Amino acid sequence: MKKIIPVLCAAALFASCGGEQKTDIVQQNFDSAAAQLKLAIHTVDSIVAARPDSLVAAQGDYPKVFPRSIRKNGSLFLISSKDWTSGFFPGSLWYMYEYTGDTLWKKEAERFTALLEREQFNTKTHDIGFMINDSYGNGYRLTGNPAYKNVIIQAAQTLTGRFNPNVGCILSWNPRRGWQYPVIIDNMMNLELLMNAARLTGNSTFFRVAVSHADTTMKNHFRSDYSTYHVIDYDSLSGKVLHRNTHQGYADASSWARGQAWGLYGYTAMYRETGYPRYLEQAEKIAERIHTFANMPEDLIPYWDFDAPNIPNEPRDVSAATIMASALYELSTLTGTKGPQYKAWADQIIENLTANYLAPLGTNYGFLLLHSVGNLPSDSEVDTPLNYADYYFLEALLRKQNCEK
Ligand code: GLY
């Protein structure tokens, strides 16, 4: 297995936890992922070959070429570049290249990454961080392609256009549902794009916007027990909190599982990027909260909401588990004495996912993991594979490997 040496200094991203034997659960999962992702690529290419017109933008939409999930009727849900999840499939292909060193994966990653290029100018979404950082960000880290660097910088510039200094946050969704300035916890995940751009350009505006967003979110999104609300709506002039709501969780006061995971991952990443102790403290407090939820199942794969009313008869959300595992591996490298505890927790998640949640090889259009939940209150993507569950699974496996070197 040829190893790829990341071009950027991402030492902290994949820092070593030290001292443990490499296990082959990582190899085993990457071998399966190779088979599944080849199936996914073949499936997409067959669909496009059968309908070449689908590659032509129609009615203002863009070609639907990125696998996102499986519809209720069993068909593959393909999305275009403007969907918030479009970066995850190319990102998974980049992780395949990172692990295997096989140029086949590089070529496929480049091919799918290129289809996202226009999103660098997309002013309509905060998710440009997910879209561009997972595709172009990983691509630049692994290849140093200067064209990728330019896309990252432009995308960060576009994202900062959604920052309002009165609020101190980047706007997540344009006003809707009576919200004036909604900011969702998920938005913490878009800050890595800004930190990348700050490093690449030396432009401190990117850094300041990211820190402001993280600080304001820390102040307003979290309850006293460090669980997080999903949506905080702000007054765009005074910056005052107007509403504390949910959109994808069970209730405003409940703890939507993926939201907790985004918070954990977001503050871990911000500590890696800034070295500010307050972010490490926040990540550790969130980890502690997640770990102590009474409704956390024994196998550590959360129900879709920790307060869902019919637990244990509620769907699990594997995507929340993979995001948590990836964050915990990283946190284990950044913290002091709690490192082994976080790593053991992440290891358990990976072992249980491998034992009980993998899609059988050759099925499910090439998705890796079953049993995620996208948006249960909208009855959308309930108990299905999701491309971001797979992306963070591969990332977690890479981080595990680096921990055990
Ligand atoms: N960012 C949207 C979600 O987590 O579903």
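Here, every reference points to the structure presented above.
Residues numbered from 1 in each chain as written. Predicted model: local features only at pLDDT ≥ 70, side-chain atom pairs only at ≥ 80, totals over all residues. Heavy atoms only, no water.

## Brief notes about the overall build of the protein
Check the secondary structure of the protein and you find 12 helices and nine strands. Taking 405 residues into account, the globule formula puts the C-alpha radius of gyration at 22 Å, and the protein, at 20 Å, falls close to it. Each principal axis of the C-alpha distribution contributes one length, and for the protein these read about 50 × 50 × 45 Å. Counting across all 405 residues of the protein, residues that qualify as buried make up 61%. At a minimum sequence separation of 6, the contacts of the protein that also span at least 24 residues come to 67%. Carbon and sulfur atoms make up 51% of the accessible area of the protein, which totals about 15300 Å². Here the protein contributes 37 positive and 41 negative side-chain charges, whose respective centroids are spaced 5 Å apart. (Helix = DSSP H or I, 4+ residues; strand = E, 2+ residues; numbered from the N terminus. Rg over C-alpha atoms; globule rule 2.2 N^0.38 Å. Buried < 20%, exposed > 50% of the residue type's maximum accessible area, 1.4 Å probe, protein only. Contact = heavy atoms within 4.5 Å. Areas by Shrake-Rupley, 256 points an atom, 1.4 Å probe, with all protein chains shown as cover. Lys, Arg positive; Asp, Glu negative; His and termini not counted. Charge placed at Lys NZ, Arg CZ, Asp CG, Glu CD.)

## Description of helix 2 (residues 88-100)
A rise of 1.5 Å per residue sets the reference length of helix 2, with its 13 residues, at 18 Å; its end C-alpha atoms lie 18 Å apart and thus fit the reference within 8%. Among all positions of helix 2, only Phe88, Phe89, Pro90, Gly91, Ser92, Leu93, Trp94, Tyr95, Met96, Tyr97, Glu98 and Tyr99 are buried. For helix 2, the elements touching its buried residues are helix 1 (25-50), strand 1 (66-70), helix 3 (103-114), helix 4 (128-143), helix 5 (146-160) and helix 12 (387-403). Positive backbone phi, at 70°, marks Gly101, one or two positions downstream of helix 2. (Expected span 1.5 Å × (residues − 1).)

## Observations regarding the sheet that holds strand 5 (residues 182-184)
Here three strands make up an open sheet; going across it, the order is 5-6-7 and the pairing antiparallel. Edge positions in the open sheet fall to strand 5 and strand 7 (241-245), since each of these has one partner strand only. Taken pair by pair, the neighbouring strands of this sheet meet at an average axis angle of 25°, ignoring direction. Across three bridges, strand 5 lies against strand 6 (residues 231-234) in antiparallel orientation. (Pairing = 2+ DSSP bridges. Axes fitted to C-alpha atoms, helices over the stretch in contact; angles between N-to-C directions.)

## A look at the site of the ligand
Every residue lining the ligand is accounted for by Trp84, Asp186, Gln248, Trp256, Arg258, Trp262 and Tyr388. A distance of 2.6 Å is found between an oxygen atom of the ligand and a side-chain nitrogen or oxygen belonging to Arg258. Burial of the ligand by the surrounding chains reaches 93%, relative to a free accessible area of 200 Å². Looking at side-chain class alone, the shell around the ligand contains four nonpolar, one polar and two charged residues. (Near = heavy atom within 4 Å. Polar contact = N/O pair within 3.5 Å; in protein donor to acceptor, adjacent residues only side chain to side chain. Nonpolar A, V, L, I, M, F, W, Y, C, P; charged D, E, K, R; others polar.)

## Comments concerning the nonpolar core
Counting residues in each nonpolar core, the largest one holds 114 residues, and the members touching the most others are Ile349 and Tyr392. Considering each element in turn, this core owes the most residues, 11 residues, to helix 10 (residues 318-334). Filtering out sequence-adjacent residues up to four positions away, Tyr392 remains in contact with Phe88, Phe130, Asp134, Met189, Trp262, Tyr265, Thr322, Ile323 and Ser326. Core analysis: the next-biggest nonpolar cluster, separate from the first, contains eight residues, Val167, Tyr229, Ile232 and Tyr234 among them. (Core = buried A, V, L, I, M, F, W, Y, C linked by side-chain atoms within 4.5 Å.)

## Considerations on the pattern of salt bridges
Summed over the entire model, instances satisfying the criterion amount to 23 salt bridges. Residue Arg111 is joined to Asp45 by a salt bridge in which the shortest nitrogen-to-oxygen separation is 2.9 Å. On the criterion of sequence distance, the pair formed by Arg111 in helix 3 and Asp45 in helix 1 is long-range, its members being 66 residues apart. Overall, the relative accessible area of 35% leaves Arg111 in the partly exposed class. Across the salt bridge formed by Lys72 and Asp379, the nearest N and O atoms sit 2.6 Å from each other. (Salt bridge = Lys/Arg side-chain N within 4 Å of Asp/Glu carboxyl O.)

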